[in-house]
Amino acid sequence: MGQLEDMTVFIRVVEAGGISKAAEQLGMAKSAVSRRLVELETRLGVKLLNRTTRTSSLTEAGEQYYERSVRIADDVSELNALTMDANVALAGNINLAAPLSFGISHLSSAIDQFVTEHPGIHINIDFSDRKVDLVEEGLDLAFRIARLEDSSLVARRICPIRVMICASPAYLDKHGEPKTLQELQQHQLLHYNMTGSRHWLLVDKEGKQHKIKVNHRIEANNGEFLKHMAIAGHGIVATPTFISWQALEQRQLVPIMKDYQPLPVNAYAVYPGNRYLSQRLRKFIDFLAERFGDNPYWDNHVGL
């Protein structure tokens, strides 16, 4: 390996948080990664990392070397992209994290189209509703549905995500339809427990926010499951329309509490802000934004 490759190994060790994870992400033996670091430090005549059996931390010199190495690696990537002919086929890996329900229902067909158009692209996708650490896990980008908090990540809005309060006709026939927040709290609610809250935050037509405590009968970390429980008549659910659109169209679920709606959220493509965004990632993000857009197809079926 040359010095640029040594820099790449060093960057990956720092961002992965240790030699073992870096070796796994690079597809190298742990001993080979350790040897490259020793040789790099020997060449530079300075210690870059304080290493233990479990973790590693940057020395002061290592911090400076890391920051400059990242800039150099990004400059090289950008130079290569600018030098390439615009008609050269896209190729390489895209390591992506995406929510399970959205990924299966909507990203599957999108990725099918993208890799058909660009057969040199290899997709590695982690379906999970948990919030992954992109840098630590060696991922290029994540598809996130949220109201984003401030972070070191860069976010590109892909499409709006609308959430509706729904119930099955059978449930409403049996238990009645709530009209007020007080009545809603008396019903059995189906709760998505990945939010970290035991409350629903609703907004009225004047824009005022209301917090109601969830009296949940069933809770789960998957929206598709909660949709099926609502269809079966087990309670009221606040569900994204990308999950419920077909059930709404077929009247398996009906919208209620139209004067009080959950806060709107968006879908984003997020990626580390300190890294150069490769041509294949730019093309992939542009493709998703164009495919879903400001009026995603599933909302055409629910009268929004």
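Everything here concerns the structure above.
Everything numeric in this text was worked out from a predicted model, so none of it was measured.

Quick notes on the rules
- Residues numbered from 1 in each chain as written.
- Predicted model: local features only at pLDDT ≥ 70, side-chain atom pairs only at ≥ 80, totals over all residues.
- Heavy atoms only, no water.
- Pairing = 2+ DSSP bridges.
- Helix = DSSP H or I, 4+ residues; strand = E, 2+ residues; numbered from the N terminus.
- Buried < 20%, exposed > 50% of the residue type's maximum accessible area, 1.4 Å probe, protein only.
- Arc of directions from axis to C-beta.
- Contact = heavy atoms within 4.5 Å.
- Phe/Tyr/Trp six-rings, centres within 6.5 Å; stacked < 30°, edge-to-face > 60°.
- Axes fitted to C-alpha atoms, helices over the stretch in contact; angles between N-to-C directions.
- Parallel < 35°, antiparallel > 145°, perpendicular 65-115°, else oblique.
- Left-handed = near helix turned anticlockwise from the far one by under 90°.
- Nonpolar A, V, L, I, M, F, W, Y, C, P; charged D, E, K, R; others polar.
- Salt bridge = Lys/Arg side-chain N within 4 Å of Asp/Glu carboxyl O.
- Polar contact = N/O pair within 3.5 Å; in protein donor to acceptor, adjacent residues only side chain to side chain.

> When you look at the pairing of strand 8 (residues 189–192) in this model, what are you seeing that I'm missing?
When a strand is regular, its side chains alternate between the sheet's two faces. Inspection of the sheet shows strand 8 paired to strand 11 (residues 216–220) by 4 bridges, in the parallel sense. By the bridge assignment for strand 11, Leu189 is matched with His216.

> What is the right way to read helix 9 (residues 241–249) from this model?
Every α-helix winds through 3.6 residues per turn, so residues three or four apart in the chain are directed the same way. The buried fraction of helix 9 is high, at 7 of 9 residues. Within two residues after helix 9, Arg251 carries a phi angle of roughly 65 degrees, on the positive side.

> Looking at this structure, I do not really get helix 2 (residues 19–26). What am I missing?
Taken residue by residue, helix 2 has Ile19, Ala22 and Ala23 as its buried positions. Buried residues of helix 2, seen end-on, are gathered within an arc of 100 degrees and therefore sit on one face of the element. Each element contacted by the buried residues of helix 2 is listed here: helix 1 (3–16), helix 3 (30–44) and strand 1 (49–51). Just beyond helix 2, the residue with positive phi is Gly27, at close to 70 degrees.

> What should I look at first to understand the packing of aromatic side chains in this one?
Each pair of aromatic rings is reported with the distance of its centres and the angle of its planes. Scanning all chains against the criterion turns up 12 aromatic pairs. Ring geometry for Phe114 against Phe284: centres 5.0 Å apart, planes inclined by 65 degrees, an arrangement best described as edge-to-face. With Phe114 in helix 5 (residues 100–117) and Phe284 in helix 10 (residues 279–292), the pair connects residues that are 170 residues apart, well separated along the chain. Here Phe114 matches Phe284 in class, with each residue buried. Ring plane angle 80 degrees and centroid distance 6.1 Å describe the contact between Trp245 and Tyr297, whose orientation is recorded as edge-to-face. You can see Trp245 sitting in helix 9 and its partner Tyr297 sitting in the segment after helix 10, a full 52 residues away along the chain. Relative accessible area serves as the criterion here: at 14%, Trp245 is assigned to the buried category.

> How do you make sense of the packing of helix 1 against helix 2 when you look at a structure like this?
For any two helices packed against each other, one specifies the inter-axial angle together with the distance between the axes. In the contact formed by helix 1 and helix 2, the axes pass within 8 Å of each other and the chain directions differ by 120 degrees. Comparing the axis directions of helix 1 and helix 2 gives the class oblique. The two elements helix 1 and helix 2 meet at a crossing, and its hand is right-handed. Taken together, the residues of helix 2 that come into contact with helix 1 (itself represented by Val9, Arg12, Val13 and Ala16) are Ile19, Lys21, Ala22, Gln25 and Leu26. When grouped by side-chain class, the residues that make up the contact of helix 1 with helix 2 number 6 nonpolar, 1 polar and 2 charged.

> So what exactly am I meant to see when it comes to the pattern of salt bridges here?
Inspection of the entire model under this criterion finds 12 salt bridges. Across the salt bridge formed by Asp6 and Arg36, the nearest N and O atoms sit 2.6 Å from each other. Taken together, the residues span a long stretch of sequence, with Asp6 in helix 1 and Arg36 in helix 3 at a distance of 30 residues. Owing to a relative accessible area of 1%, Asp6 belongs among the buried residues under this scheme. Two residues, Asp294 and Arg157, come together in a salt bridge whose shortest N-O distance is 2.8 Å. Of this pair, Asp294 sits in the segment after helix 10 while Arg157 sits in strand 6 (residues 153–161); the two residues are 137 residues apart in sequence, bridging distant segments of the chain.

> Is there a simple way to think about the environment of Asp286 in this case?
The topology assignment puts Asp286 in helix 10. Between the C-alpha atom of Asp286 and that of Arg156, which follows or precedes it by 130 residues, the distance is 9.2 Å. In terms of polar contacts, Asp286 uses its side chain to reach the side chain of Arg156, at 2.8 Å.

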